[in-house]
Amino acid sequence: MELDLTSTHREAAYAILAGLVTPRPIALVSTIDIHGRVNAAPFSFFNVLGANPPIVGICPGDREPGVPKDTAANISATLEFVVNLVDEDLGERMNLCAASLPPGVSELEHAGLTAVASSVVKPPRIGEAPASLECVSRGTIEIGHNRLIIGEVLRVHVREGIFNTETWRIDPADYHPLGRMQSPNWYCRTKDMFMMNRPG
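Quick caveat: nothing in here was measured; it's all calculated off a predicted structure.

Each value, and the rule that gives it
- Residues numbered from 1 in each chain as written.
- Predicted model: local features only at pLDDT ≥ 70, side-chain atom pairs only at ≥ 80, totals over all residues.
- Heavy atoms only, no water.
- Phe/Tyr/Trp six-rings, centres within 6.5 Å; stacked < 30°, edge-to-face > 60°.
- Helix = DSSP H or I, 4+ residues; strand = E, 2+ residues; numbered from the N terminus.
- Buried < 20%, exposed > 50% of the residue type's maximum accessible area, 1.4 Å probe, protein only.
- Lys NZ or Arg CZ within 6 Å of the ring centre and 35° of its normal.
- Pairing = 2+ DSSP bridges.
- Arc of directions from axis to C-beta.
- Axes fitted to C-alpha atoms, helices over the stretch in contact; angles between N-to-C directions.
- Disulfide = S-S within 2.5 Å.
- Contact = heavy atoms within 4.5 Å.
- UniProt positions renumbered as here; feature names shortened; annotations may be inferred.

*Asks:* Outline the packing of aromatic side chains, listing residues and values.
*Replies:* Per the stated rule, a full pass over the model turns up two aromatic pairs. Ring centres of Y14 and F45 lie 5.8 Å apart, and the angle between their planes is 40°; on these two criteria the pair is classed as tilted. Here Y14, found in helix α1 (residues 13-20), pairs with F45, found in the loop between β2 (38-43) and β3 (46-51); they are 31 residues apart in sequence, far enough to count as distant. Its relative accessible area of 43% is what places Y14 among the partly exposed residues. Between F163 and W168 the ring centres are 5.4 Å apart and the planes differ by 70°, which places this aromatic pair in the edge-to-face class. Residue classification places W168 among the exposed residues on the basis of a relative accessible area of 65%. Above the ring of Y187, the side-chain terminus of R180 is found at 4.8 Å from the ring centroid.

Written as structure tokens, this is what we have:
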């Protein structure tokens, strides 16, 4: 079966691609607006893009054509954001942050989450997150109605017990991130892992 995303199946592109390219990591992104108000929103169009310098990419869309979501507007204005990673314990509260709340209502308060001062950026990190990445925007690429924000990671905060300071590796036995699966409401746990050594 061949699907033509340039014409016949163009309107179904999101459902097709978001269902096939899985699991995707989830970024619960905290930003502040020009008045200092905190916003928190989850995105699964997100990933790490490089390590030298360390960069990540998030893709906040528009509320409606030509009207950026708060995350995109805030990053455009301040150039700073924090990617808070989402594990099983944080999953339900991450989902609450996706609610359409009235202007001025805090997603963090709505979800019962704790704002913790970041080290080098103004937006707070989320205390309940297993890890948080303090980022500064290094540019935005817009293609059609898509927006890719590239952030350089300046600081990483990791919950005690996840990071092994001897091997400089994350311990998979103690870190259980959620993955985003098919639209609209499917997720996966990541406890069932296996090793596959690369050929020499």
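Let's pick the thread back up.
*Asks:* Please set out the pairing of strand β11 (residues 146-158) residue by residue, giving values where relevant.
*Replies:* One ladder, built from four bridges, connects strand β4 (residues 54-58) with β11; its direction is antiparallel. When the bridges of β11 are listed, I55 appears paired with E152. With twelve bridges connecting them, strand β10 (residues 131-143) and β11 associate as antiparallel partners. In the strand pairing of β11, E142 is matched with R147.

*Asks:* Which residues make up helix α2 (residues 70-78), and what are the values?
*Replies:* Of all the residues in α2, the buried ones are T71, A72, N74 and I75. In a view along the axis of α2, the buried residues occupy a sector of 165°, so they form one face of it. At the C-terminal side of α2, L79 shows a positive phi close to 70°.

*Asks:* Go over the sheet that holds strand β7 (residues 80-85) with me, naming the residues and quoting the values.
*Replies:* In spatial order, the strands read β2-β1-β7-β10-β11-β4-β3; together these seven strands make up an open sheet with antiparallel pairing. Both edges of this open sheet fall to β2 and β3, since each of them pairs with a single strand only. On average, each strand axis in the sheet is inclined to that of its neighbour by 35°, with strand direction left out of account. Where strand β1 (residues 27-32) lies against β7, four bridges are found, and the strand directions are antiparallel. Bridging across to β7, V29 finds its partner in V83.

*Asks:* If you had to explain the state of the cysteines to someone new, which residues and values would you point to?
*Replies:* With the rule as written, the count across this model stands at zero disulfides. Of all cysteine sulfurs, the one in C135 lies closest to C59, which takes part in no disulfide; the gap is 14 Å. Relative accessible area serves as the criterion here: at 29%, C59 is assigned to the partly exposed category.

*Asks:* Report on the environment of K191, specifying residues and quantitative values.
*Replies:* Among the secondary structure elements, K191 is positioned in the segment after β15 (187-188). Sequence separation between K191 and H176 is 15 residues; the distance between their C-alpha atoms is 6.3 Å. Apart from residues lying up to four places away in sequence, K191 is in contact with E88 and H176.

*Asks:* Can you lay out the UniProt feature "domain: Flavin reductase like" (unreviewed entry) in the chain for me, pointing to particular residues and giving the numbers?
*Replies:* In this numbering, the UniProt entry assigns the feature "domain: Flavin reductase like" (unreviewed entry) to residues 20-165. In the segment residues 20-165, helix accounts for 14% and strand for 45%; the C-alpha atoms at its two ends are 36 Å apart.

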